[in-house]
Amino acid sequence: MFTFIKKLFGSKRDRDVKRLASEVAEINRLDEEYESLSEEELKDKTGQFRRRLKDGETLEDIKCEAFAVVKNACRRLKGAKIDVCGHELIWDMVPYDVQLIGGMVLHEGKIAEMATGEGKTLVATMPLYLNCLTGKSTHLVTTNDYLARRDAQWMGHLFNYLGVTVGCIQNQMSFSQRSEEYAKDITYGTNSEFGFDYLRDNGMAFTPEGLVQRGHFFAIIDEVDSILIDEARTPLIISGPAQHSSHQFNDLKPKVEGLVRKQRSLINRMINEAKEALDKKEDETAQFLLYQVRQGMPRHKQLMHMLEDADTRKLMEQVDMMMLSDMRKEQARELREELFFTIDERSHEANLTEKGCEALSPDDPDTFVLPDLVSAMSVIDDDVNLSDEDRARKLQEVQSSFADRTERIHNVDQLIRAYCLYEKDVQYVVQNNQVVIVDEYTGRLMSGRRWSDGLHQAVEAKEGVKIERETQTLATITIQNYFRLYEKLAGMTGTAETEAAEFREIYKLDVVVIPTNRPVRRVDGNDVIYKTMREKYSAVIDEIAECSQRGQPVLVGTVSVEHSELISRMLKRAGITHNVLNAKNHEKEAEIVMRAGQPGAVTIATNMAGRGTDIKLGEGVVWVDRATITSGKALDDSFDGSTLRDKILDKPCGLYVIGSERHESRRIDRQLRGRCARQGDPGMSRFFISLEDDLMRLFGSDRIAGIMSRLGMEEGEPLEHRWLNRSIETAQRRVEQQNFGIRKRTLQYDDVMNKQREVIYGFRGRIVASENLREEIYDVLFDVLSEQVETMLMERQDDESVGAFTEWIHTAFPIPVRLEDIKSRAADLEGLRDFLFENVKKAYDLKVSIEDAGSTVMMERQILLQSIDTHWQEYLRSMDDLRHGVHLRAYGQRDPLIEYKREAYSMFEDLMWQIRSEIATGVFRSATSVESFEQFIAQVPQTLVHDEVSILGDNSAAGRALAGGAGVDVDRVAREMVEKDASTVRRDLPKVGRNDPCPCGSGKKYKKCCGQS
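What counts as what
Residues numbered from 1 in each chain as written. Predicted model: local features only at pLDDT ≥ 70, side-chain atom pairs only at ≥ 80, totals over all residues. Heavy atoms only, no water. Helix = DSSP H or I, 4+ residues; strand = E, 2+ residues; numbered from the N terminus. Contact = heavy atoms within 4.5 Å. Areas by Shrake-Rupley, 256 points an atom, 1.4 Å probe, with all protein chains shown as cover. Patch = residues over 30% accessible without salt bridge, like charges linked within 9 Å, V, L, I, M, F, W, Y side chains within 5 Å. Salt bridge = Lys/Arg side-chain N within 4 Å of Asp/Glu carboxyl O. Lys, Arg positive; Asp, Glu negative; His and termini not counted. Charge placed at Lys NZ, Arg CZ, Asp CG, Glu CD. Pairing = 2+ DSSP bridges. Axes fitted to C-alpha atoms, helices over the stretch in contact; angles between N-to-C directions. Disulfide = S-S within 2.5 Å. Buried < 20%, exposed > 50% of the residue type's maximum accessible area, 1.4 Å probe, protein only. Parallel < 35°, antiparallel > 145°, perpendicular 65-115°, else oblique. Left-handed = near helix turned anticlockwise from the far one by under 90°. Nonpolar A, V, L, I, M, F, W, Y, C, P; charged D, E, K, R; others polar. Core = buried A, V, L, I, M, F, W, Y, C linked by side-chain atoms within 4.5 Å. Polar contact = N/O pair within 3.5 Å; in protein donor to acceptor, adjacent residues only side chain to side chain. Phe/Tyr/Trp six-rings, centres within 6.5 Å; stacked < 30°, edge-to-face > 60°.

Chemist: Run through the overall build of the protein chain, naming residues and quoting values.
Modeler: Helix and strand content of the protein chain: 39 helices and 22 strands. For the protein chain, the share of sequence-separated contacts (at least 6 apart) that also reach a separation of at least 24 residues comes to 75%. Put simply, the protein chain shows about 45800 Å² of open surface, and 48% of that area lies on carbon and sulfur atoms.

Chemist: Go over a negative patch on the surface with me, naming the residues and quoting the values.
Modeler: Residues Glu282, Asp283, Asp309 and Asp311 make up a contiguous surface patch of negative charge. Summarising the element assignment, Asp283 is placed in helix 13 (residues 283-296).

Chemist: Summarise the sheet that holds strand 15 (residues 511-513); cite the residues concerned and give the values.
Modeler: With respect to topology, 7 strands assemble into an open sheet ordered 5-6-4-7-14-3-15, the strand pairing being parallel. At either end of the open sheet lies a strand with only one pairing partner, and these are strand 5 (166-168) and strand 15. Averaged over all pairs of adjacent strands, the angle between their axes in this sheet comes to 20°, without regard to strand direction. Strand direction decides the pairing type here: strand 4 (residues 138-142) and strand 7 (residues 218-222), joined by 4 bridges, are parallel. Bridging across to strand 7, Thr138 finds its partner in Phe218.

Chemist: Let's hear about the state of the cysteines: which residues, and what values?
Modeler: With the rule as written, the count across this model stands at 0 disulfides. Summary of cysteine pairing: Cys85 is not part of a disulfide, and the nearest cysteine sulfur, belonging to Cys168, is at 8.5 Å. Given a relative accessible area of 21%, Cys85 falls into the partly exposed group.

Chemist: Please set out the environment of Ala183 residue by residue, giving values where relevant.
Modeler: With respect to the helices and strands, the residue Ala183 is situated in the loop between helix 9 (175-182) and strand 6 (186-190). A C-alpha to C-alpha distance of 9.1 Å links Ala183 and Thr165, two positions 18 residues apart in sequence.

Chemist: Could you give me a rundown of the environment of Leu691, with the residues and numbers involved?
Modeler: Secondary-structure assignment places Leu691 in the loop between strand 22 (682-690) and helix 29 (694-698). We classify Leu691 as buried; its relative accessible area is 2%. C-alpha of Leu691 to C-alpha of Lys536: the two residues are 155 residues apart in sequence and 9.6 Å apart in space.

Chemist: Which residues make up the packing of helix 35 (residues 829-850) against helix 38 (residues 930-939), and what values go with them?
Modeler: Contact pair helix 35 / helix 38: the axes reach a minimum separation of 9 Å and the direction vectors enclose 140°. Classified by the angle their axes make, helix 35 and helix 38 are oblique. Here helix 35 and helix 38 pass one another in a crossing that is right-handed. Between helix 35 and helix 38, the contacting residues are Ala843, Leu846, Lys847 and Ile850 on the first element and Ser932, Gln935, Phe936 and Gln939 on the second. Partitioned by chemical class, the residues of the contact of helix 35 with helix 38 number 4 nonpolar, 3 polar and 1 charged.

Chemist: Residue-level account of the nonpolar core, with values.
Modeler: Ranked by size, the top nonpolar core spans 96 residues in total, and within it Leu228, Phe483, Phe503, Phe805 and Phe813 carry the most contacts. With 12 residues, the single largest contributor to this core is helix 37 (residues 896-925). Beyond its immediate sequence surroundings of up to four residues, Phe813 is in contact with Leu781, Leu785, Trp808, Val840, Ala920 and Phe924. Leu59, Phe67, Cys74 and Phe159 belong to the second largest nonpolar core, which has 61 residues in total.

Chemist: Summarise the side chain of Glu460; cite the residues concerned and give the values.
Modeler: Note on placement: Glu460 falls in helix 20 (residues 455-463). Glu460 gets classed as buried once you look at its relative accessible area, which sits at 2%. Of the polar contacts made by the side chain of Glu460, one reaches the backbone nitrogen of Glu468; its length is 3.1 Å.

Chemist: So, the pattern of salt bridges: which residues are in play, and what are the values?
Modeler: In total, this model carries 48 salt bridges according to the counting rule given. One salt bridge in this structure joins Asp31 and Arg75, with 2.4 Å as the shortest N-O distance. Here the residue Asp31 occupies a position in helix 2 (residues 12-34), and Arg75 occupies one in helix 4 (residues 59-77), the gap between them amounting to 44 residues. Classification of Arg75 by relative accessible area gives partly exposed; the value is 33%. For Arg52, the salt bridge identified is with Glu65, shortest N-O distance 3.0 Å. Within this pair, whereas Arg52 is found in helix 3 (residues 39-54), its partner Glu65 is found in helix 4, the two being separated by 13 residues in sequence. Take Glu65: its relative accessible area is 18%, and that puts it in the buried class. Overlapping salt bridges, with partners in common, bring together Arg178, Glu193, Asp197 and Arg200 in one network.

Chemist: Kindly report on the packing of aromatic side chains, identifying the contributing residues and their values.
Modeler: Centre distance and the angle of the planes are the two values used to describe a pair of aromatic rings. In the structure shown here, the tally under the stated rule is 18 aromatic pairs. For the pair Phe483 and Tyr486, a centre-to-centre distance of 6.0 Å together with 20° between the ring planes defines the contact as stacked. By relative accessible area, Phe483 is classed as buried at 1%. For Tyr486, a relative accessible area of 6% puts it in the buried group.

Chemist: Describe the packing of helix 7 (residues 125-132) against helix 8 (residues 145-161), and please don't skip the residues or the numbers.
Modeler: Between helix 7 and helix 8, the least distance of the axes is 11 Å, while the angle of their chain directions is 45°. Of the possible angle classes, the one that applies to helix 7 and helix 8 is oblique. The chirality of how helix 7 crosses helix 8 is right-handed. Here helix 7 contributes Thr125, Leu128 and Tyr129 to the contact with helix 8, which in turn contributes Met155, Leu158 and Phe159. Of the residues in the contact of helix 7 with helix 8, the class split is 5 nonpolar, 1 polar and no charged.

Chemist: Describe the pairing of strand 2 (residues 87-90), naming the residues involved and giving the relevant values.
Modeler: Pairing of strand 1 (residues 81-84) with strand 2 involves 4 bridges; the strand directions are antiparallel. Bridging from a neighbouring strand, Val84 pairs with His87 of strand 2. Linkage of strand 1 to strand 2, two consecutive antiparallel strands, is achieved through a turn of 2 residues, within which Cys85 is found at a positive phi near 50°.

Chemist: Any details on the pairing of strand 18 (residues 554-558)? Residues and values, ideally.
Modeler: By the criterion of burial, strand 18 is predominantly enclosed, with 5 of the 5 residues buried. Residues Val554, Val556 and Thr558 line one face of strand 18 and the alternating positions Leu555 and Gly557 line the opposite face, and both faces are buried. As paired elements, strand 18 and strand 20 (residues 602-606) share 5 bridges and run parallel to each other. Residue pairing for strand 20: Thr558 is matched across the bridge by Thr606. Taken together, the 4 bridges between strand 18 and strand 21 (residues 655-659) define a ladder with parallel strand orientation. Its bridge partner being in strand 21, Leu555 is matched across the sheet by Val657.

Structure below.
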C-alpha cells in the first residue's frame, strides 16, 4: 500500500522539489537576463534591494532576484584567486539547480539535508545575502573556529563583491573585535561563541556600549544535527571561581585507589568461580556470580571474553531480567552488598555499599553513610531540657555534619566513576598537565569545558594533575533555548532525516531532503560481524593492506582516540603508511582530510573529525572492476549498484570508508559513509563489528551471538547478512530514543529556568539600555511598598502589625512618617501605599538633587545591576543544588520535574523580592561623594536623624556601589550610626505591579492609569 501511494503521489522529496521548481526556473531566467548588466549595475542591485525593503516590499518579493544576483556574481567570479586561511584557492563555483532549492529551503526556516560534497557552504550564501538586506543580524553557525574562519574568508569574497560586509567571531577575540564583527551584515562563528556572547551581553554588560550582539533575526546552522542534537545535552555555562572549595579528592584518592584494587581482586575471584560453575554445569551459581561481576566491573576483560559464548551471554541476560522483578529485589540487593561498590554503566553512576563504607573507614563505617537528618533534628526539637540557644547550636551542628558527610560521600562516588568509567584517551586526554574533555560525537577536544558536579576534579585527582578550584555558575543557557531566540532558524547537514521527529518537536524545524546533483554511486556493504575485537581489528588491517596494495584510498572511522591509536600501531607493525586525525592533533584537521582521497592514502579519523571538509579524489582513483576491463564498457555503464561482495576489485575504485565500530547513533554512521562518493564519484563503505563493542555489549548482541554459536563459526570467521544490519539498527534506535529522552528532560528542566532568565535578562537589559533610570527605580520602590503593605497589613491592622510595619518603613527609607500617619490610613491599604510612595519618591528626588549630576546615572546603574547579578548568581547555585537533589523525590512517589517546577517558582519569587528590596534600600545608602551623602543626612527631617537614618550607613554591598567605582567610604559614616537589621518578609497574595496592565481594563500600564500618583 505504501509503495502504491508513493507511486501515485510521489515521495515528500519529490513534492518539495516540484513545489520549488517554478522558482528555480525564474531564478535561472533572471540569471540569464543579468548577464547583460555591467559589473557596476549588478553590484548596485544590493542597494536597490535595501531601498525596496525600506519602501515596504518583503523578502519574498525580491527572493528570486536576490538569488539570481548571487548566482550571476558566482559566474563572474570564476577563475578568481582567493587567499583562504593561507591557501590559494580558485573560485570555480556556480550554484546548481539543487543548490538553489537548498537555498530556498533555508530561507523558509527549514533544515536542508544535502549529501556530502553537494556544496552546502555555497548554498548558504543565497539566503544569507537575502536576509542580511533587512539590516538585521544574520548569522552562520559552524562547529569549530577553523571552519568559521575558512568559510567567512572564502564566501566573503562573493559577499564583498556584492557590497555586503562579512565578519567572523573567533575564540580569543577581544571585546572591541567582537563588537566590530557583529556590526557587519553577516557574521560567521561557532555555536558556543554566539551563545557565550549572549550570556555576557545579558549577564555582564553595564552600558549599551558593552553589548556586542545586535539581536537574533536569522541564523543558518551548518552541520545542524551536530550542534542541535549532539551538543544539546551539555548547556553553555560561564563559570567563575567559587568562594570556597569543599572537595577532598586529594585526601580520599589513596583510599579510593585501594578500594578499586580490592574490588578488582574480588571480581577476579568471582570470575574464576563463575568459570568453575559453568564447567560443572551449575548454571544458577554461575548466573549469580556473573550478575555480581557485571554490577561491580561491567568492562572487565575476562567478563567480555566469557560473554562471547552464546550460552554464557544467554545466562547473563536471564539473570539481569530476573533481578529486575519484584520477587528478586531483595536477593539482588544482597548480591550487590557483597561488593565494595556498584556501577551502572548505562547511566554512568557509581555507589558505595555498606561493605565499601567499612573498607574505607574500618574504625568508623558511618563516616560514609548519610545520617537520618530529619530524625536527628526531631530529637533536638523535642528535647525540652535545651535552651533556645543550645537548640539552635545543636541544629546547626547536625546540619553542618550532614553537609560535610554528603560532600565526602559525593567525592568518593565521583572518584569511583573517574577510575571505573572514565578512560584516558577515550572520554578525555591529558595535555599540558590538564584534563581536556573529548567530544564523544566529533572526537574534537573541548578546551575550556569541564564536567560538572566535581567529576572533573575527580579525574584530575586520578591523573595526578593540578586540581583546579571549584567553580560556580555565573550564567547558563542550553543550546536549545539559545537557538530558539532567533526569529527564523534554518540548518543544513548531510544527515538529519533520522532525527526529523526531534527537530520538529523541539525546534519546530521541518527536514527537507534535497536530491543530489548527480546520482550517488556509493556501494554500501553489509556489516561484517566478528566475535572478538582482536579478530575484528585483524580483519580491518587485512582490508586496509589490500586497498593499499592496489592504490585505493581508505578512510577508517573510529569512535575514540584509544581505538584510532590502536589501529595506528597495528598499521605501523604492518608497515602501512597512514595519517591519524583525532583529538590530539586536530589542528591539522582540514589538511589531513583534504589529502584522504589521494591514491593509496590511509587516513584514520576519530568519529567525524574533519567534517565540513571535502575529500576530493586524486587522479587515478577510478571505478574499475574485472567486468569493465573484460568488456571495455564505459565507466557509467559498469555501475549497476551490486553489493560490495559481488564486486571483484582489481584496481582503485574510489574512496573506501571503513567503520571500525557502529556508533550509538545511526546518523553518525551515515555521516561517515557520506564522506565518500561526492558529486557522483565512485565509493564504497563497510562496517566491521565485534560482539565486544560497547553498542553490541550493552544493547542487544544476544541474538547475533546465538546465531554465530548455532552456525559453529570458527575463530576469525565473520557473519554477514543484510538482516543482521536491521538488528544492529534496532539496537541503535534504542540508544537514540534513550538519548532523546535525556535531551528532552534537560530541556524541560531548562525551560523552567528559561522563563526566569527572560524576566531577569529583560529587567537587566532595560537598565543597561536606559539613559534615565529614575522610572525603573520608582517602579521598584512602588513594588516593594506594595508587597510589604499586603504582606504585613492585609490580614491584620492591629497595633502590633502597624507598629512592625512602621518600624520597617523607618528601617528601609528616610521619610518623616510616624506611627499615627500609618494608623490613620491602615483601613485603606491602596491609599496608604500611595501616601508612602509619594514620601519615598520625594526623599529620593531630594537625594538626587544633592548628588553630582554627571555621576548619578552611573551610580544608579551600578546599584541596580549589582543587586541583580549578585542575587542571580547565588540563585543559579541554589538551582544547581536543587537540580542535583530533586531526583531523590522519586523515591517518595513524586515526579522530580513537577517538584522542581514548584520549588523553582517559590525560589524565584524570593529572588525577585530580594533584588527589589536591596535596590529599594540601596539607592538611599549610596552616594557619589562623602560630601553629598553628609549633605543629604543634614537635610533629612530632624525626627529621623537618630534611629531612623541609621539605615543609610548600613554595611551592605549596595552601600558600596558608587559611581564609576569611585572610592567613597560610606562605611566611615556608617560606623557613627546605629545599625538595624531589616526584617525578612514574603508576599503570598497577588498584587498589581506598576508595569502590569491596569485592572480597570483601559489597556494601559497601571502606573500610567489608576496607579498614577
